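Residue-level structure breakdown
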Amino acid sequence: MIKLSLIMKGEVVIALLDKSKHYCQLHKFKKSIKCLEKAIKLAPELAILWYNKGVVFGMEADELVREQMQMQLSGETKEQHHHYAQRKYEEALECFDKAIKIDPNDARANFAKSLVLKDLGRLEESIKCMDDALKIEPDNVMFLDFKGNTLVEIGKLTEAFNC
């Protein structure tokens, strides 16, 4: 009976994760987050759920930033978009931190956290986080490229050249 319950719980978590991904593809971020929150209630120990929740928050923030840029180009301004995007990036960081705490060897979560830190303008922290990802996957070309580009942005050209 317990084994069947665990199997059913696992199937529900997978279904919620799939549903969340579907909503995310449709840019229905709030519905996507709700699915992930339900899945996390069932299995808070799964790093993949926290990682995906962080990704959704990051995508929502990116979309808000794009909307704000479009409004500025058309002469409109809505400062609340900027603050809301910042808050979503911060929520993404919290989720990535939880995923990393659960699975410290998750290079994707470290990479995603590094991307969000860069989006927040926290370049030094972004590089440190990317170093953590590179400890796990030292030959990952995408990670090396991202680190190199970030180092160029802060003027560390020699270090960037060595990436």
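Description of the structure in this document. Since we're looking at a predicted model, the values are computed, not measured. All chains use their own residue numbering, which begins from 1 and follows the written sequence. In view of the model being predicted, local features appear only for residues whose pLDDT reaches at least 70, and side-chain atom pairs are presented and counted only at 80 or more, with totals across whole chains, interfaces and linings using the full set of residues. Just so you know, side-chain values use all the structure's heavy atoms and leave hydrogens and water out.

Before going further, it helps to spend a moment on unusual backbone geometry. Not every positive phi belongs to a glycine, and histidine 27 is a case in point at roughly 65°. Here a strand is any run of E in DSSP of at least two residues, a helix any run of H or I of at least four, and the numbering for each starts at the N terminus. Tracing the chain through its elements places histidine 27 in the loop between helix H1 (2–25) and helix H2 (29–42). Three labels apply to residues, based on accessible area from a 1.4 Å probe with only protein chains included: buried if under 20% of the type maximum, exposed if over 50%, partly exposed otherwise in between. You can call histidine 27 partly exposed: its relative accessible area is 41%.

By definition here, a salt bridge exists when the distance from a side-chain nitrogen of Lys or Arg to a carboxyl oxygen of Asp or Glu is within 4 Å. Enumeration according to the criterion identifies 13 salt bridges in this entry. Residue glutamate 90 is joined to arginine 122 by a salt bridge in which the shortest nitrogen-to-oxygen separation is 3.3 Å. Taken together, the residues glutamate 90 in helix H4 (residues 79–102) and arginine 122 in the loop between helix H5 (107–119) and helix H6 (123–136) connect sequence positions 32 residues apart. Exposure remark for arginine 122: the relative accessible area of 29% places this residue in the partly exposed category.

Two elements in contact, H6 and helix H7 (residues 141–153), have axes separated by 10 Å at closest approach and are oriented at 160°. In this view, H6 runs roughly antiparallel relative to H7, as classed from their interaxial angle. For the pair H6 and H7, the sense of crossing is left-handed. On H7, the residues touching Leu123, Ser126, Ile127, Met130, Asp131, Ala133 and Leu134 of H6 are Phe143, Leu144, Phe146, Lys147, Thr150, Leu151 and Glu153. Gly falls in the polar group here, along with every residue not listed as nonpolar (Ala, Val, Leu, Ile, Met, Phe, Trp, Tyr, Cys, Pro) or charged (Asp, Glu, Lys, Arg). For the contact of H6 with H7, a count of residues per class yields nine nonpolar, two polar and three charged. Orientation is described by lines fitted to C-alpha atoms, with helices fitted over the stretch in contact, and by angles between N-to-C directions that extend from 0 to 180 degrees. Angular relationships are summarised with four words: roughly parallel below 35 degrees, roughly antiparallel beyond 145, roughly perpendicular across 65 to 115, and oblique for the angles in between. In a left-handed crossing the near helix is turned counterclockwise from the far helix by less than a right angle, and in a right-handed crossing that turn is clockwise. The contact criterion used is simple: two residues touch if any of their non-hydrogen atoms lie within 4.5 Å.

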